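Understanding the architecture of this molecule
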Amino acid sequence: MSVHRIMGIETEYGVTVPGHPTRNAMVTSTLVVNAYAHQVLAGARSRPRWDYDEESPLRDARGFDMSRAEADPSQLTDDDIGLANVILTNGARLYVDHAHPEYSTPEVTNPRDAVLWDRAGMEVMREASRLASEISDAPVLLYKNNTDNKGASYGCHENYLMRRSTPFADIVRWLTPFFITRQVFTGAGRLGVGQDGRQLQYQLSQRADFFEVEVGLETTLKRPIINTRDEPHADPERYRRLHVIVGDANLSDTATYLKLGTTALMLSMIEDGFLAGHDLMPAHPVREMHAVSHDVTLGHQLELNGRRLTALQVQRELWLLASKYCAGRWGHQLDEQTSDVLARWDDMLNRLERDPMACVAEIDWVAKLAILDGYRARDGLDWNAHRLQAVDLQYADIRPDRGLAARLEERGRLVRMFDDEQVRRAVHEPPGDTRAYFRGESLRRYPDAVAAASWDSVVFDIPGQPHLMRVPTLEPTRGTRQHVEQLLDSCATAADLVAALGNTPASA
Amino acid sequence: MSEQSHVERSSAPAGQDDAPGASAVDAERKAAIDADVDAILDEIDTVLEENSEEFVKSFVQKGGQ
């Protein structure tokens, strides 16, 4: 499997209307999504809605369902309450979730593509905020961050398709120490400690302080390091979708790439049982997660079963295991991207060990800290200066001319992995190697006929037909360019496509 | 550092190698950053929200996932 598997990223963006702090966030988020949908789907007869048939957000990977009576209302996402929710031609989903505009990338097969379609999402949000500002009486601004520093947090979730047969306990045992320590390169930096950020001190992660338990189903309260939500959006007998909620929303491409790449490598080792016999589980995971994030010298030592190791040392042990695993399993046949992830992971750990500032062009928390330190030195500011808190927020402003990460990129001070043209293409085109291809292309080719879609279906409304026609896409690795491009090319209309699919034994 | 990591490291992209001299590269890189930091701050001065206190205070979000 290596770093290659079905994966994706969903990001909730912070939303604000300067000068109108009391404006309803759900209404503003809806405006953002609808403004974009109205423009890009202008050709569609009616906007294709999300098809909720297969969603079950209360299913638990541990094997039981939570009852609705026990659930907090904020956990219910499958009740369509009329909020904006659309599918894009790149196979992504753009919608309103919990008072934030959210973009979910299409399913991709590797970390590099995840970065590209995540960048495309930022581009979509930039355009959406521009359009929303035009039709609003005040600018609508979006932020790719995870907290307002006043007690609220919103997520950037990773999703990884896994083998159903892998014991969940193995996932918990291995991903817990990995997640606690990967913050050294995935942290997006935050000025403020505690959920309400009351202590004005810099820390590695935006999200760490919002995690309160080790394992659980919730995502909006009592957040768990390992989330057990289990909606595979695929054959549940074969697959589980690992829903990772601990991550920060990264502005740096390299950080996103390593976040997904190293996690995918961990999952590969866990699935192959390679880690049996090793133990890096901390005695107090939640406390350690906070402590690692709070120590920007990276000197904090975690207590692990009689040993004391820094986060970097834990990462080094995991890297050594990963490189042994890849050498033993693939040797010289190791694919290019897995080899690249291993090399960059190694390189990042080495530089962090020597001096974190050596990673200023790749790691968000370091890039942000360099600006804050610069201000403190130049203007003699204390950590409680409002200007420093403004820098913390504005680092994540997605406007190219105002966002600080964007300004650093413009100057070549934050490394980009893709140029503007590649990102622009990914805004409109789906990845070719997953079912997102069938979804996105169906919408692009037959905009009038797609009534609804979801991760595992496309629903067609064929003129003259009494019923909607639901095409299941339960297998994420099918419906690719290779599988269906020829078929789509041969069908001038959706009616032709549905007829052709009706005569074919396999679904898309 | 173990043999293993040296072997793996040889596949690192050019310019990111950790061979002797890498710390000189880091120092060089850092010096370049320091030289540029004033320019960066000057630019940030021009794009930073004007009333930072008001901006920070009014940045209020509803909780999400």
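Quick caveat, the model's predicted, so the values are computed rather than measured.

Brief notes about the interface of chain A and chain B
- The interface of chain A with chain B comprises 71 residues on the first partner and 43 residues on the second.
- With both sides pooled, the region where chain A packs onto chain B buries about 4600 Å², and carbon together with sulfur makes up 54% of that total.
- One can count seven salt bridges joining chain A with chain B.
- Across the contact surface, chain A and chain B share 22 residue pairs in polar contact (both at pLDDT 80 or more).
- For the side of chain A that touches chain B, the elements supplying multiple residues, two or more each, are strand 2 (14-16), strand 7 (141-143), helix 6 (311-330), helix 7 (336-354), helix 8 (364-379), helix 9 (386-394) and helix 10 (404-410) of chain A.
- Among the elements that take part in the side of chain A that touches chain B, helix 7 of chain A stands out by supplying 11 residues, more than any other.
- For the side of chain A that touches chain B, the residue count by class is 25 nonpolar, 19 polar and 27 charged.

With respect to the confidence of the model for chain A
All names here are of chain A.
- Mean pLDDT over chain A stands at 92; residues scoring 70 or higher make up 91%.
- Every residue in residues 66-71 is under pLDDT 50, and counting partners more than four places away or in other chains gives 12 contacts.
- Taken as a whole, residues 78-82 scores under 50 in pLDDT and shows six contacts with residues more than four places along the chain or in a different chain.

Quick word on the environment of N145 of chain A
- Within the secondary structure, N145 of chain A sits in the loop between strand 7 and strand 8 (156-163).
- Note on N145 of chain A: relative accessible area 4%, which makes it buried.
- It is 5.6 Å that separates the C-alpha atoms of N145 of chain A and A249 of chain A, two residues lying 104 residues apart in sequence.
- Contacts of N145 of chain A, omitting those with residues within four sequence positions, involve E12, G14, Y154, Q206, A249, L393 and A396 of chain A together with F59 of chain B.

Some thoughts on the pattern of salt bridges
- Enumeration over the complete set of coordinates arrives at 49 salt bridges over all chains.
- Where E303 of chain A meets R308 of chain A, a salt bridge forms, and the shortest distance between an N and an O atom there is 3.6 Å.
- Residue D347 of chain A is joined to R351 of chain A by a salt bridge in which the shortest nitrogen-to-oxygen separation is 2.7 Å. Taken together, the residues D347 of chain A and R351 of chain A, both in helix 7 and four residues apart, mark about one turn of the helix. Comparing D347 of chain A with R351 of chain A, the two get one shared label, buried.
- Several salt bridges share partner residues, and in doing so they unite R378, D379 and R387 of chain A together with D42 and D45 of chain B into one network.

About the cut-offs
- Every chain is numbered independently, its residues counted from 1 as its sequence is written.
- All chains are assigned letters beginning with A, and all ligands numbers beginning with 1, in the order in which they are written.
- Under the rules for a predicted model, residues below a pLDDT of 70 receive no local features and side-chain atom pairs below 80 are neither given nor counted, while totals for whole chains, interfaces and linings still include all residues.
- Excluded from the side-chain calculations are hydrogens and water; all other atoms, namely the structure's heavy atoms, are used.
- Residues count as neighbours in contact if any of their non-hydrogen atoms are within 4.5 Å of one another.
- Take the accessible area each of two parts loses on contact, using a 1.4 Å probe, and add the two losses: that sum is the buried area.
- Counted as salt bridges are all cases of a side-chain nitrogen of Lys or Arg within 4 Å of a carboxyl oxygen of Asp or Glu.
- Polar contacts here mean pairs of N or O atoms no more than 3.5 Å apart (in protein, one a potential hydrogen donor and the other a potential acceptor; neighbouring residues in sequence count only if both atoms are side-chain atoms).
- A helix here means a DSSP run of H or I that spans at least four residues, while a strand means a run of E at least two residues long, and both kinds are numbered starting from the N terminus.
- Think of it as three bins: nonpolar holds Ala, Val, Leu, Ile, Met, Phe, Trp, Tyr, Cys and Pro, charged holds Asp, Glu, Lys and Arg, and polar takes everything else, Gly as well.
- pLDDT is a per-residue confidence score from the predictor, ranging from 0 to 100.
- Relative accessibility decides the category of a residue: with a 1.4 Å probe and only protein chains considered, values under 20% of the type maximum give buried, values over 50% give exposed, and everything between is partly exposed.

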